[in-house]
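# Descriptive structure summary
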Amino acid sequence: MSGPGVAEIAASVRNGGRTARDVVEEHLARIASRDPELGSFLCVTAEAARARADEIDDLVGRGRDPGPLAGVPVALKDNLCTRGVPTTCASRILEGWRPPYDATVVERLLLAGAVPVGKTNLDEFAMGSSTENSAFGPTRNPLDPSRVPGGSSGGSAAAVAAGLVPVALGSDTGGSVRQPASLCGVVGVKPTYGRVSRFGLVAFASSLDQIGPITRTVDDAALALEAIWGHDPRDATSVPGRPEPLGADGEPGGPVPAEVAGLRMGIIEELTTMEGVAPSVRRAVTDAAAALEHAGAKVDTAAVPHARHALSAYYLIAPAEASSNLARYDGVRYGLRVDAPSTEEMNARTRAAGFGPEVKRRIMLGTYALSAGYYDAYYGRAQRVRTLLIRDFDAAYGCFDVLLAPTSPTVAFPLGSRTDDVLAMYGSDRCTIPSNLAGHPAVSVPWGRGEDDLPVGVQVLAPALGEAVMFRVAKVIEEAAP
Amino acid sequence: MTGGSGPYEAVIGLEVHVELATVTKMFCGCPNAFGAEPNTLVCPTCLGLPGSLPVLNRAVVDLALRFGAALGFRVPETSIFARKNYFYPDMPKDYQISQYEEPILVDGRLEVDGAVVGIERAHLEEDTGKIIHVGGGGRIHDAACSLVDYNRAGVPLMEIVSRPDLRSADQARAYVSELRAVLEALGVSDVKMEEGSLRIDANVSVRRAGSTVLGTKVEIKNMNSLRSLGRAVDHEVHRQVALLEAGGSVTQETRHWDEEGGVTQPMRTKEASHDYRYFPEPDLVPLAPTPERLGRVTAALPELPAARRARLRREWGIGEADARTLVGRRDLADYAEAAVAAGAPGAAVANWCTGEILSHLNETGVSAEVLPLAPDGLAELVALVGDGTLSRPLAKDVLAECLREPKRPRQVVAERGLAQVSDEEELGAIVDEVLTRHAAEVEAYRGGDDKTRKRKRGFLMGECMRATRGRGNPQVLSRLLDERLA
Ligand SMILES: [Zn+2]
């Protein structure tokens, strides 16, 4: 099912073993044959991809190095701005809008020699955990098309899992990269908040959003992350300075060393034993921990008490920020406009027609949480929980180098099974949300199969800017996985 | 002011918004400029396009800190930006980035005519775009269509909130005028009310004189000049006193100043009442100026208007009114000082600058920096008057020409043969000729009462001056005339 990986493609294109054009044609053909069933792409930019591949081949032909991702086809979640290419956020309200600029991550991928092939499906404005909230129809899980791929970066995860592309970018606000990666059996990374520029990422919840790669291997994820991360003056929340490369001996582009000897690891008690975590998922975490112990790590249980309240805090903070971020879709400047006699009425009708039910629900929730008289009880309290959670993590990282937890409490669920049960759907992100609230990095790594022979993911959490150690742990888990 | 049942006192606080004189906008690299074609000074960030992010312009912070240092503000260790949420088509993001609970400057003060006016806070925020309503009388509710120009969107603003320390419309005007001079002297703002770079809202209440309890306050918006500020505050104070005198009470509300009607009117409640749902702006980090930065800003402070006025009065021997007029425009005061530096006496320079030159600047709307007559040219003109070459009226003509085209006063004098005639023989002959020509008037002068004599003398003097084509030295002519009439 899966094609060649990032490292393999880049190496063969760079040394002239294969043309980028050939690689792109192979992947476009896979997309053409497989995607009608999956629905992972909202838009395939085949012609632009071919032209870009030819440019790469031209560079190679003239003896120039096109970069570490030379000729690597990449898919972009459709909330990442692409110059001249529709960027819809899977919403009717942005239909027809073509950004006049590329997101920083897109610029950096191009600079690294990658070949964007299209934009992937998502829950509208990244609000959801199943990619069923897309205005343009759901994406299906390539391992079982009756199941969801997870979300909100479901299109990106499905495309990578089905071998349509070796790497895709997603965005992770409460688990939207890691949870679909887990459900599709691939690797998904949420970097430290500020590690990857948000410039050009259409905002959902600005203090939580972070872009990350989805790939089939840990090494590929490292290659992709190294291409997009690092300081960006266009994002005021961007971390200053150059990140430490992820390869052995601090080399960029090299394979991630599988070394965990002497590292201290804590299994987050609250997230692993919590009600609703499937037996296969719980077992995956303990089995992975045992494998790490076998590789020389010391494993114990860790307490992050406020992780229990993270979900409630998240569902106040994220909608509050979203209610403000999504105010600009008012029909005045771009996207959909439903005309009316007055401006207020035009705003209202446009938004009523343009947004889907989940987006409306969160805008209302967030507006309420910020309202005069309710601010302290809701938004204010949620921010206090966030502070307490960060203190819990600080304390835990006093004893441990990394923490382990489930990614998704369950394996992929059937399409439609949670669409009428909002709380069950929101619960899909219980184990991933704490990292977003803390701004810490986390990665989901596949660990065998669970219920109904569907993939299970194990999550590795690290302190802020702890990507290097996190990747080493992920690499050991990947090598030990059944 | 006094009502039928006793004296009242007005309590006034002002919110002054000034556009900061930065090169680029507050959160993007677009030029901060006035008067360009609509929607040409825009980019994804100031248009609020999806995915765009704000990055704070450092110059904005430095200008605010400079203002803070000049007026004795405290600079909190950190201040934060917040989002002020409301829907309006001139706001690209439908929220405004502003400072709310933690402003950059707190507790400043400004001395106005000997009284200290407290300034509660000054905070930074971004400006909105501008809506032009087309058709239907130019109001949003009946316009055929509305166009938005986003050139102004994202221009940095500082809102300066005074304490309710002002007691009259005159004092309110004096406060704004002093504040303007300070902002201009510091280079913080262009303070051009006509271009909207300075805007004022007033909070007005009244109470019984001697009371320490504040009355219900009314906010007044839409005052476009110092004059309209004075008129609006006066009107509002009278309105409130009349209400109370009639046994009524003042409603807390926002009122709109109607310049033509000369009245304040309630704004539609929909426009006036908002829940802005402020929350910390997650796209920006807290602002924490380092001590080094504060030190750098304070070290570079220019002379403030009050100090400059005192110095000019002392050094030039001019009065407070002239000093105020000069220093009220930094360009004019700089011009005058340059003329004095070129050798002219201060009093004479002040006289020209507060008279003909200021009128010319006001009429043409240009800055003194670009006058065709350079400051040393004015010094030359002053010298020509001083040595008797030019009479004051002739000097005025010369100045007028020098303000129209780049010519030196000496050059104009030479070209037009304007040099003043002081030669007593030549002038005496002219006076004799005039007296002969107007013998009847001379008779009337000699036989008339004081009033008649004064009138006749004025006539004869005018005729003498005319006969010299304005070039006769007035002092000499006057003396020669009096000698002959005696
Ligand atoms: Zn701009």
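Attention now goes to the overall build of chain A. Each helix and strand in chain A was counted, giving 16 helices and 11 strands. Radius of gyration (C-alpha) of chain A: 21 Å, near the 23 Å computed for a compact globule of 482 residues. Along the longest, intermediate and shortest principal axes, the C-alpha atoms of chain A span 65 × 55 × 45 Å. Expressed as a percentage of the 482 residues in chain A, the buried residues total 63%. Put simply, of all contacts in chain A between residues at least 6 apart along the chain, 75% involve residues at least 24 apart. Surface summary for chain A: the accessible area is close to 15,900 Å², and the carbon and sulfur share equals 53%. Within chain A, one finds 46 positive and 56 negative side-chain charges whose respective centroids are separated by 4 Å.

Moving on to the domain arrangement of chain B. Interfaces are often described in size by the accessible area the parts lose on coming together. Segmentation of chain B into domains returns domain 1 (2-296), domain 2 (303-416) and domain 3 (424-485). Here domain 1 of chain B and domain 3 of chain B have C-alpha centroids that lie 61 Å from each other.

What follows concerns the environment of B:Gly29. All names here are of chain B. Within the element layout of this structure, Gly 29 appears in the loop between strand 2 (6-19) and helix 1 (58-70). Exposure remark for Gly 29: the relative accessible area of 65% places this residue in the exposed category. Between the C-alpha atoms of Gly 29 and Gly 261, which are 232 residues apart in sequence, the distance is 42 Å.

Moving on, we come to the coordination of the zinc ion. Residues and elements named next belong to chain B. For the zinc ion, every protein donor is listed as Cys 28 (SG), Cys 30 (SG), Cys 43 (SG) and Cys 46 (SG), and the spread of their distances is 2.3 to 2.4 Å. Counting gaps between the donor residues of the zinc ion yields the pattern C-x1-C-x12-C-x2-C. Remark: Cys 46 occurs in the loop between strand 2 and helix 1 and Cys 28 occurs in the loop between strand 2 and helix 1; sequence separation between them is 18 residues.

Moving on to helix 9 (residues 279-294) of chain A. Between the first and last C-alpha of helix 9 of chain A there are 22 Å, a value that for 16 residues agrees with the 22 Å anticipated at 1.5 Å per step. Where helix 9 of chain A ends, the next residue or the one after it, A:Gly296, has phi of about 110°, a positive value.

This paragraph deals with unusual backbone geometry. Omega for the bond connecting A:Gly151 with A:Ser152 falls within 30 degrees of zero, at 10°, which places this linkage in the cis form. Relative to the helices and strands, A:Ser152 is located in the loop between strand 3 (115-120) and helix 5 (154-161). For B:Asp107, which is not a glycine, the phi torsion comes out positive at approximately 60°. Among the structural elements, B:Asp107 can be located in strand 5 (residues 105-112).

Residues and elements named next belong to chain A. It is the contact of helix 9 with helix 16 (residues 467-480), at a shortest axis distance of 10 Å, that shows an interaxial angle of 105°. In terms of their interaxial angle, helix 9 and helix 16 are classed as roughly perpendicular. Residue-level inspection shows Ala 288, Ala 291 and Leu 292 of helix 9 in contact with helix 16, the latter providing Val 473, Val 476, Ile 477 and Ala 480. Split into classes, the residues belonging to the contact of helix 9 with helix 16 amount to seven nonpolar, no polar and no charged.

Strand pairing in a sheet relies on backbone hydrogen bonds, with the paired strands running either antiparallel or parallel. Residues and elements named next belong to chain A. In space, the 11 strands of this open sheet follow the order 1-3-2-4-6-5-10-11-9-7-8, with mixed pairing throughout. Whereas interior strands pair on both sides, the edge strands pair on one side only; in this sheet they are strand 1 (41-44) and strand 8 (298-302). Pairs of neighbouring strands in the sheet enclose a mean axial angle of 25°, with direction left out of account. In the packing of helix 2 (residues 20-38) onto the sheet, contacts are made with strand 1, strand 2 (73-77) and strand 3, and the angle to strand 1 comes to roughly 140°. Each of strand 7 (264-268), strand 9 (402-406) and strand 11 (455-461) touches helix 13 (residues 376-399); the most contacted strand, strand 9, lies at about 120° to it.

It is worth spelling out the interface of chain B and chain A at this point. Counting residues at the interface gives 32 residues for chain B and 39 residues for chain A. Around 2,700 Å² of area is buried between chain B and chain A when both sides are counted, 59% of it from carbon and sulfur atoms. By the criterion of area lost to chain A, the three top residues of chain B are B:Pro50, B:Leu53 and B:Arg277, representing 22% of everything that side buries. Taken together, the connections running from chain B to chain A amount to two salt bridges.

With that settled, the discussion passes to the pairing of strand 11 of chain A. All names here are of chain A. For strand 11, the buried fraction is high: seven of the seven residues fall into the buried class. Side chains of strand 11 alternate between two faces, with Pro 455, Gly 457, Gln 459 and Leu 461 and Val 456, Val 458 and Val 460 buried alike. Note: strand 9 against strand 11, four bridges, orientation antiparallel. Residue pairing in the sheet places Ala 405 in a bridge with Gln 459 of strand 11.

We now examine the nonpolar core. Considering soluble globular proteins, one finds that nonpolar side chains tend to be buried as a cluster. In terms of nonpolar packing, the biggest core is built from 157 residues, with A:Phe125, A:Leu403 and A:Phe471 touching the most fellow members. For A:Phe125, the contacting residues outside a window of four places in its chain are A:Cys89, A:Ser91, A:Ile93, A:Leu94, A:Val202, A:Phe204, A:Leu326, A:Tyr329, A:Phe355 and A:Val359. Within the second largest apolar cluster, 61 residues are counted, among which are B:Leu20, B:Leu166, B:Ala174 and B:Val233.

This paragraph deals with the confidence of the model for chain B. Residue and element names in this part refer to chain B. In the predicted model, chain B carries a mean pLDDT of 91, and the fraction of residues at 70 or more is 96%. Here helix 4 (residues 269-272) stands out as the least confident element of chain B, with mean pLDDT 53; strand 9 (residues 156-162) is the most confident, with 98. For this predicted complex, the interface score ipTM comes out at 0.96, while the overall pTM is 0.88.

On to the packing of aromatic side chains, then. Residues and elements named next belong to chain A. Under the criterion given, the structure shown has 19 aromatic pairs over all chains. Taking 5.8 Å as the distance between ring centres and 40° as the angle between the ring planes, the aromatic pair formed by Trp 97 and Tyr 334 counts as tilted. Remark: Tyr 334 occurs in the loop between helix 10 (307-325) and helix 11 (343-354) and Trp 97 occurs in the loop between strand 2 and helix 4 (104-111); sequence separation between them is 237 residues. Note on Tyr 334: relative accessible area 10%, which makes it buried. Its end group placed over the ring of Trp 229, Arg 195 keeps NZ or CZ at 5.2 Å from the ring centre.

For any two helices packed against each other, one specifies the inter-axial angle together with the distance between the axes. All names here are of chain B. Packing of helix 1 against helix 2 (residues 169-186) leaves a shortest axis separation of 10 Å and a crossing angle of 125°. Relative to helix 2, helix 1 is oriented oblique. Note on packing geometry: the crossing formed by helix 1 with helix 2 is right-handed. Facing Arg 66, Phe 67 and Ala 70 of helix 1, the residues of helix 2 in contact are Leu 179, Leu 183 and Leu 186. Classifying every residue of the contact of helix 1 with helix 2 gives five nonpolar, no polar and one charged.

What follows concerns the environment of A:Asp219. Residue and element names in this part refer to chain A. Mapped onto the elements of the fold, Asp 219 is located in helix 7 (residues 218-228). We classify Asp 219 as partly exposed; its relative accessible area is 21%. Separated by 34 residues in the primary sequence, Asp 219 and Gly 253 place their C-alpha atoms 8.5 Å from one another. Beyond its immediate stretch of four places on either side in the chain, Asp 219 contacts Pro 255, Val 256 and Lys 475. There is a polar contact of 3.0 Å between the side chain of Asp 219 and the side chain of Lys 475.

All right, on to the pairing of strand 3 of chain A then. All names here are of chain A. For strand 3, the buried fraction is high: six of the six residues fall into the buried class. Where strand 1 lies against strand 3, three bridges are found, and the strand directions are antiparallel. Bridged to Phe 41 within strand 3 is Thr 120. Inspection of the sheet shows strand 2 paired to strand 3 by five bridges, in the parallel sense. Bridging across to strand 3, Val 74 finds its partner in Pro 116. With helix 4 bridging strand 2 and its parallel neighbour strand 3, the resulting β-α-β unit is right-handed.

Rules behind the numbers
- Residues numbered from 1 in each chain as written.
- Chains lettered and ligands numbered in written order.
- Predicted model: local features only at pLDDT ≥ 70, side-chain atom pairs only at ≥ 80, totals over all residues.
- Heavy atoms only, no water.
- Helix = DSSP H or I, 4+ residues; strand = E, 2+ residues; numbered from the N terminus.
- Rg over C-alpha atoms; globule rule 2.2 N^0.38 Å.
- Buried < 20%, exposed > 50% of the residue type's maximum accessible area, 1.4 Å probe, protein only.
- Contact = heavy atoms within 4.5 Å.
- Areas by Shrake-Rupley, 256 points an atom, 1.4 Å probe, with all protein chains shown as cover.
- Lys, Arg positive; Asp, Glu negative; His and termini not counted.
- Charge placed at Lys NZ, Arg CZ, Asp CG, Glu CD.
- Domains from an automatic or database assignment.
- Donors = N, O, S within 2.8 Å, 3.2 Å for Na, K, Ca; no water.
- Expected span 1.5 Å × (residues − 1).
- Axes fitted to C-alpha atoms, helices over the stretch in contact; angles between N-to-C directions.
- Parallel < 35°, antiparallel > 145°, perpendicular 65-115°, else oblique.
- Nonpolar A, V, L, I, M, F, W, Y, C, P; charged D, E, K, R; others polar.
- Pairing = 2+ DSSP bridges.
- Buried area = accessible area lost by both parts, 1.4 Å probe.
- Salt bridge = Lys/Arg side-chain N within 4 Å of Asp/Glu carboxyl O.
- Core = buried A, V, L, I, M, F, W, Y, C linked by side-chain atoms within 4.5 Å.
- pLDDT = per-residue confidence, 0-100.
- Phe/Tyr/Trp six-rings, centres within 6.5 Å; stacked < 30°, edge-to-face > 60°.
- Lys NZ or Arg CZ within 6 Å of the ring centre and 35° of its normal.
- Left-handed = near helix turned anticlockwise from the far one by under 90°.
- Polar contact = N/O pair within 3.5 Å; in protein donor to acceptor, adjacent residues only side chain to side chain.
- Right-handed = clockwise from strand over helix to strand, strands pointing away.

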